[in-house]
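If you want the building blocks of each chain, they are given just below.
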Amino acid sequence: MSLEQFKNRNVGTQHYKMLDLGESPKTPWCRFKRVMKRTFKGELFVGLWVTMREMINALFRGEMHTVKYPFEKLPISPRYRAIHEMLRLLESGHYRCIGCGLCEKICISNCIAMETRYDENQRKEVSEYTINFGRCIFCGYCAEVCPELAIVHGPRYENASEQRASFALFEDMLTPIDKLNLQQEYPGFGAPTPYADENIKKTPLAY
Amino acid sequence: METTLAENLPQVTAAGVIIKAIIILAVISAIAGFGTYIERKVLAFMQRRLGPMHVGPYGLLQIAADGIKLFTKEDIIPQNANKLIFAIAPAITAATAFIALAAVPVFPDFTIPEWVPLLGGTFVPSIASDNNVGILFVLGMMAAGLYGPLLAGMAQANKWGIIGAARTAIQFLSYEVVTGLSILAPIMIVGSLSFVDFNNYQQGGIENWLIWKQPVAFVLFLIAGFAETNRTPFDLLEHEAEVVSGYATEYSGMRWGMFFIGEYANMITISVIAAIVFLGGYAAESMFGWLFIMLKIAFFFFLMLWVRAAWPHVRPDQLMWLCWKVLMPIAVINVLITAIVMMV
Ligand code: SF4
Ligand code: SF4
């Protein structure tokens, strides 16, 4: 998709519809005529009818808009950026994070803190990983930069709690190992597109 | 009282009037409280919302919750306010609203059955005080009620309050002339200021209603009534989007609640006047007459809420322009034409 239309900041020439407001009256006679026209146009009654129609719609045609929030919830977009989740590899159950530190580096509010070390197999192992959700602005850069799709934004937007800490540790964000079969692949921000395979090219190494 | 139909009715005693006054106070306060619930529900439905839902079935007990909140809230009097005036201003609004209701027929008259101890056999009239200048009295009382917002706004040492008070004055100067002139034409036709006479004049079917003879006066009176009760197209006094809460900015707790009750009582009064003067009133002989007038009053009440949901409100200068340059000439012409027709 071309980004052309998003980069066009020249708002004056876009698809704006100009309202035909007509001429403003000049002579007292014209003004009088306008008053008369507005007086007898019945627009006020159109307004009354519209609200009455909406009331009938709401009461008798089941078009009530209210979502009783804690009892009913609207579906959220897969691109919604709520509290982060750390995903696991589906095959081995090991966490996907390879400790590359890119998310820590890119985080613009500096709220990711991580420590890594080599384990006995000389693999990078994450020993500490916390996100300070008091500072996180949920920009999604960490999810976008992560090469492994290890850190993603989950759908958990109800994050009122007594303790910030109850969201912020690696273990809290990591998919529980017994829920591994329920782990959803992340379709949102920074995830591969549905046609990612077709777009893969060989890295041109020959100079 | 040569004008009433009281000849064939029992004697009105002081006890009856006092009972009536207590009934009016209790029932109208309750209806005013219930009116807030109705208003929220109707506005909500018109915007396809649910309105209050959680206190009681369908939110019916919301009034109780609000009442408890209002009664137990701290009553704050701001530091630089004129304490005396600040304290009595809400009472003016509420009291005048109820005093106005004294001259309005609100419920059917009845006699307390004999077996009731102490009060048995007392006749309770439908009008607490059936004086022969009923309409003038009611309109005068409602006009006096505007002293409430005026004094409240000026006493509270708050700029929004001052603006609210200034707007009260503007509103007062605007609509009062229209109210008087618009209702003058029906008064000329009936030849009396008593509500009972208005009611009697229109008996015998819909075709006798004054609205058919005086449609212009009806519309004018309705417009002025909306201004008088401070309802939406003319709710300048406390329009939240512009002047925070206008004259009520510094009020809290029960004092604020008294303004509210006064406003709703005024809405009911205006509805009653419109129903009696223009829509045929009540037929005192049958219970159905009272049922019908309840329906008419309810319709006017609903109309106020409906209009609030549908229409934007006007600027103070537009209100003044409308009242003095449009409505007053129309009202005067209406009175003139009525007079000419009556003379011919
Ligand atoms: S969403 Fe943005 S602010 Fe929050 S942790 Fe990721 S990069 Fe940092
Ligand atoms: S960018 Fe991804 S893989 Fe790298 S440290 Fe962060 S979460 Fe782990």
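In case you missed it, the structure is sitting above this.
Residues numbered from 1 in each chain as written. Chains lettered and ligands numbered in written order. Predicted model: local features only at pLDDT ≥ 70, side-chain atom pairs only at ≥ 80, totals over all residues. Heavy atoms only, no water.

## A look at the overall build of chain A
Each helix and strand in chain A was counted, giving 8 helices and 4 strands. Counting helices and strands in the order they occur from the N terminus, chain A gives α-α-α-β-α-β-β-α-β-α-α-α. Radius of gyration (C-alpha) of chain A: 28 Å, far over the 17 Å computed for a compact globule of 207 residues. Its C-alpha atoms put chain A at 95 × 55 × 35 Å along the principal axes. (Helix = DSSP H or I, 4+ residues; strand = E, 2+ residues; numbered from the N terminus. Rg over C-alpha atoms; globule rule 2.2 N^0.38 Å.)

## A closer look at a nonpolar patch on the surface
A cluster of nonpolar side chains, contributed by Trp29, Phe32, Val35, Met36 and Phe40 of chain A together with Trp321 of chain B, occupies part of the molecular surface with about 660 Å² of accessible area. With 5 residues, helix α2 (residues 28–40) of chain A is the largest single contributor of residues to the nonpolar patch. (Patch = residues over 30% accessible without salt bridge, like charges linked within 9 Å, V, L, I, M, F, W, Y side chains within 5 Å. Areas by Shrake-Rupley, 256 points an atom, 1.4 Å probe, with all protein chains shown as cover. Salt bridge = Lys/Arg side-chain N within 4 Å of Asp/Glu carboxyl O.)

## Here we look at the site of ligand 2
With respect to spatial proximity, the complete set of residues near ligand 2 consists of Met86, Cys97, Ile98, Gly99, Cys100, Gly101, Leu102, Cys103, Met114, Cys146, Pro147 and Ile151 of chain A. Its residues placed into classes, the shell around ligand 2 shows 10 nonpolar, 2 polar and no charged. (Near = heavy atom within 4 Å. Nonpolar A, V, L, I, M, F, W, Y, C, P; charged D, E, K, R; others polar.)

## Topic: the packing of aromatic side chains
Residue and element names in this part refer to chain A. Enumeration according to the criterion identifies 18 aromatic pairs over all chains in this entry. Where tyrosine 129 meets phenylalanine 170, the ring centres are 5.5 Å apart and the plane angle is 45°; that geometry is what we call tilted. Of this pair, tyrosine 129 sits in strand β3 (residues 124–131) while phenylalanine 170 sits in helix α7 (residues 170–173), and the two are 41 residues apart along the sequence. In terms of burial, tyrosine 129 and phenylalanine 170 fall into one category: buried. (Phe/Tyr/Trp six-rings, centres within 6.5 Å; stacked < 30°, edge-to-face > 60°. Buried < 20%, exposed > 50% of the residue type's maximum accessible area, 1.4 Å probe, protein only.)

## What to know about unusual backbone geometry
Residue and element names in this part refer to chain A. With a phi angle near 55°, asparagine 110 is a residue other than glycine that sits in the positive phi range. For asparagine 110, the location among the structural elements is in the loop between α4 (102–106) and β2 (112–118). For asparagine 110, a relative accessible area of 59% corresponds to the exposed category. Even without glycine at this site, leucine 149 takes up a positive phi of about 55°. For leucine 149, the position within the fold is in the loop between α5 (141–145) and β4 (151–153).

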